[in-house]
Amino acid sequence: MIAFENVTKRLGGKLILDDVSFEVPKGETFVIVGLSGAGKSVTLKHMIHLLVPDSGVVRIGDDVISRARGLELERMRSRFGVLFQGAALLQWLSVFENVALPLREHTKMSEEKIQKTVLKKLNMLNMQEAVDKYPSDLSGGMQKRVGLARAIVMNPEIVLYDEPTSGLDPVTSRLIDGLIDNLRNELGITSVVVTHDLHSALSIGARIMMIDGGKIVENATPHDFIESKNETVKRFLESQYITRRGNWEKGMESHV
Amino acid sequence: MMKVVTSEHQEKMSCLGLPLRSFRRLGRIVLIACHGMGQALIMLGSATLYIRTVWRPRARREVVDQLYITGIKSLGVISVVAVFTGMILALQTGLELRRYGQEEFIGSAVAVSVIREMGPFMTGLIIAASVGSAIAAQLGTMAVSEEIAALEVMSINPNRFLVMPRLVALALMMPILTVYTNMLGIIGGGIVGATQLGVSFQVYLDNATRYAENKDLFVGLFKSLVFGIIIATVACHQGLMTSEGAVGVGRATRQTVITSFLFILIVGYMITRLFYI
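As the structure is a prediction and not an experimental result, all values here were calculated from the model. (Residues numbered from 1 in each chain as written. Chains lettered and ligands numbered in written order. Predicted model: local features only at pLDDT ≥ 70, side-chain atom pairs only at ≥ 80, totals over all residues. Heavy atoms only, no water.)

### Section: the nonpolar core
Generally speaking, a soluble globular protein has its nonpolar side chains buried in company with each other.
Here's step 1: Counting residues in hydrophobic clusters, the biggest one holds 80 residues, and the most contacted among them are Ile2(A), Met47(A), Leu160(A), Val192(A) and Leu151(B).
Here's step 2: Ranked by residues supplied to this core, first place goes to helix 6 (residues 158-196) of chain B with 10 residues.
Here's step 3: Aside from chain neighbours lying at most four places away, what touches Leu160(A) is Leu44(A), Met47(A), Ile48(A), Phe80(A), Gly81(A), Val82(A), Leu83(A) and Val192(A).
Here's step 4: Formed by 44 residues, the second largest nonpolar core is a distinct cluster that contains Leu122(A), Leu125(A), Ile189(A) and Phe225(A). (Core = buried A, V, L, I, M, F, W, Y, C linked by side-chain atoms within 4.5 Å. Buried < 20%, exposed > 50% of the residue type's maximum accessible area, 1.4 Å probe, protein only. Helix = DSSP H or I, 4+ residues; strand = E, 2+ residues; numbered from the N terminus. Contact = heavy atoms within 4.5 Å.)

### Points about the confidence of the model for chain A
Here's step 1: Scored by pLDDT, chain A has a mean of 86; 95% of the residues are at 70 or more.
Here's step 2: Predicted confidence is poor over residues 250-256 of chain A, with pLDDT under 50, and the contacts of this stretch with residues over four places away or in other chains come to 8 contacts. (pLDDT = per-residue confidence, 0-100.)

### Concerning the confidence of the model for chain B
Here's step 1: Residues of chain B with pLDDT of at least 70 account for 94%, and the chain-wide mean is 90.
Here's step 2: Two numbers describe this predicted complex: its pTM, 0.83, and its ipTM, 0.83.

### Comments concerning a positive patch on the surface
Here's step 1: A cluster of basic residues, Arg21(B), Arg24(B), Arg25(B) and Arg28(B), forms a positive patch on the protein surface.
Here's step 2: The residue Arg28(B) is located in helix 1 (residues 2-49) in this model. (Patch = residues over 30% accessible without salt bridge, like charges linked within 9 Å, V, L, I, M, F, W, Y side chains within 5 Å. Areas by Shrake-Rupley, 256 points an atom, 1.4 Å probe, with all protein chains shown as cover. Salt bridge = Lys/Arg side-chain N within 4 Å of Asp/Glu carboxyl O. Lys, Arg positive; Asp, Glu negative; His and termini not counted. Charge placed at Lys NZ, Arg CZ, Asp CG, Glu CD.)

### Digging into helix 3 (residues 95-106) of chain A
Here's step 1: With 10 of 12 residues buried, helix 3 of chain A is to be regarded as a mostly interior element.
Here's step 2: When helix 3 of chain A is considered as a whole, its buried residues turn out to be Val95(A), Phe96(A), Glu97(A), Asn98(A), Val99(A), Ala100(A), Leu101(A), Pro102(A), Leu103(A) and Glu105(A).
Here's step 3: Buried residues belonging to helix 3 of chain A abut helix 4 (111-124) and helix 5 (140-152) of chain A together with helix 2 (57-70), helix 5 (147-153) and helix 6 of chain B.

### Describing the packing of aromatic side chains
Residue and element names in this part refer to chain B.
Here's step 1: Applying the stated criterion across every chain, the model contains 6 aromatic pairs over all chains.
Here's step 2: Between Phe201 and Tyr204, the ring centres sit 5.9 Å apart and the planes meet at 25°, which makes this aromatic pair stacked. Here Phe201 pairs with Tyr204, and both are found in helix 7 (residues 201-211), just 3 residues apart, close to one helical turn.
Here's step 3: Judged by its relative accessible area of 34%, Phe201 falls in the partly exposed class.
Here's step 4: An angle of 70° between the planes, with centres 5.9 Å apart, marks the rings of Phe222 and Phe275 as edge-to-face. Of this pair, Phe222 sits in helix 8 (residues 214-240) while Phe275 is found in helix 9 (residues 245-276), placing the two residues 53 residues apart along the sequence. (Phe/Tyr/Trp six-rings, centres within 6.5 Å; stacked < 30°, edge-to-face > 60°.)

### Concerning the interface of chain B and chain A
Here's step 1: Counting residues at the interface gives 19 residues for chain B and 23 residues for chain A.
Here's step 2: On the surface where chain B and chain A come into contact, there are 3 salt bridges.
Here's step 3: The partner of Lys45(A) in a salt bridge is Glu146(B), with the nearest N and O atoms 3.7 Å apart.
Here's step 4: On the surface where chain B and chain A come into contact, there are 5 residue pairs in polar contact (both at pLDDT 80 or more).
Here's step 5: Taken together, the elements giving at least two residues each to the side of chain B that touches chain A come down to helix 2, helix 4 (106-144), helix 5 and helix 6 of chain B.
Here's step 6: Residue composition of the side of chain B that touches chain A, by class: 9 nonpolar, 3 polar and 7 charged. (Polar contact = N/O pair within 3.5 Å; in protein donor to acceptor, adjacent residues only side chain to side chain. Nonpolar A, V, L, I, M, F, W, Y, C, P; charged D, E, K, R; others polar.)

### A few points about the sheet that holds strand 8 (residues 190-195) of chain A
Residues and elements named next belong to chain A.
Here's step 1: Pairing in this open sheet of 6 strands is mixed, and the strands run 6-7-8-3-9-10 from one edge to the other. Edge positions in the sheet fall to strand 6 (80-83) and strand 10 (215-220), since each has one partner strand and no second. Direction aside, neighbouring strands of the sheet carry axes that sit 15° apart on average.
Here's step 2: For strand 6 and strand 7 (residues 158-162), the ladder comprises 4 bridges, and the chain directions are parallel. Residue pairing across strands places Val82 opposite Leu160, the latter belonging to strand 7.
Here's step 3: Lying over the sheet, helix 1 (residues 40-47) contacts strand 3 (29-33), strand 6, strand 7, strand 8 and strand 9 (207-212), oriented at roughly 150° with respect to strand 8.
Here's step 4: Here helix 9 (residues 231-239) sits on the sheet and contacts strand 3, strand 9 and strand 10; the angle it forms with strand 9, its principal contact strand, is near 105°. (Pairing = 2+ DSSP bridges. Axes fitted to C-alpha atoms, helices over the stretch in contact; angles between N-to-C directions.)

Given below as structure tokens:
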């Protein structure tokens, strides 16, 4: 579905991605983990052409998004929904208007149909009560749920999540994990999640890829990931007190 | 032998070092300025092309909001500055003219100065400092909190969605505010004439209308339109290009005010030269 082929990227003279190649299969939840500044968000931004590689190619299905321009890029981007780290809601629009924005901009739907669609998505995320509120009236977790509603309102094939649980308390984090998992199960969406929260990664990911120093150091199923022999991965697991499979399996059960 | 040549070479280079470094730095500044100006002009061109979408309900609502922010919300400060500008002009000119017993001509001096120069100039500075800085801060905050990226990902062009309404609002409102500034400036001058210089309001107004020409008004209004476009372009460009969090937003805001002031001065002079020499 998404393929990186020998992607290299420098930012401010610093090598951020160094000849990176990987594939995200259709309908899977693919998690990218790593330390801060490892290149996770840069990888995500390449998928939607917010950044372009210095060399290499990024493909979405048969489309080469890294070379797309104009209307072609718009068409490719319409396949995506993105939940940004801080939700990135427009502050002067209400929750309803934020979620309705892509529908109003890109479809000829009647106001009645827009209202129905928006309320349906907000209901899915248990945010129907906040429909008339403004982003500044919402907590971090609520903003992320509204951001998620906006990301899925156009029924995208792929949803990208940039640090969906950062800055949230553990209970809300697990709730967001559950929502991501439900979206994949119910709508068959391909998901790419960037996080440094390993509990979250192990709970929702079908595959987990770790980036360190611009290179992929591991790309494995959750089971293989926690049994990885790679020293960087081991240190990363230990830093979050994940040494046995039991830790994350319990976490997964609690929100399913 | 080699050592001697090397040390001589190094000596020469150290003599040239400072001018070379300064030249290189100057070159870099010029390149950055040209790059920024190019980006801003491309943004302005793109936003201008999107003016055809201004009748869409969402764009219309945004333009009305921006007209309100630019016009109504700036009226208070503009009123005070306009009246006092007229009063200062009348007082300074009147005191000089009194030495020659010609104080009844302050009406013409104030009217011509205000309509040609001071009206558009003062309005431009106030709007750059209040509205321009607010636009840069708002768009800058949106840029650092990824709201601009979110718009791009939703295939909503920021030049259409954010820049065009602000450009239209500033280009429309600047001439209207300039007329308002002109009127209050002339009234302020009249108050000083009547109370401090013994020139009746009727005489003051007669002189003001006799010597100020339609051309002065139209050139002043043209200037204000250009100033509006300059402020919108500089503020939106600085805002959209913001990076590095709160520090970047502060930098964009400051840079908007400084750049707008500089362009208003330079372009104002060029327009005056174009029409009067």
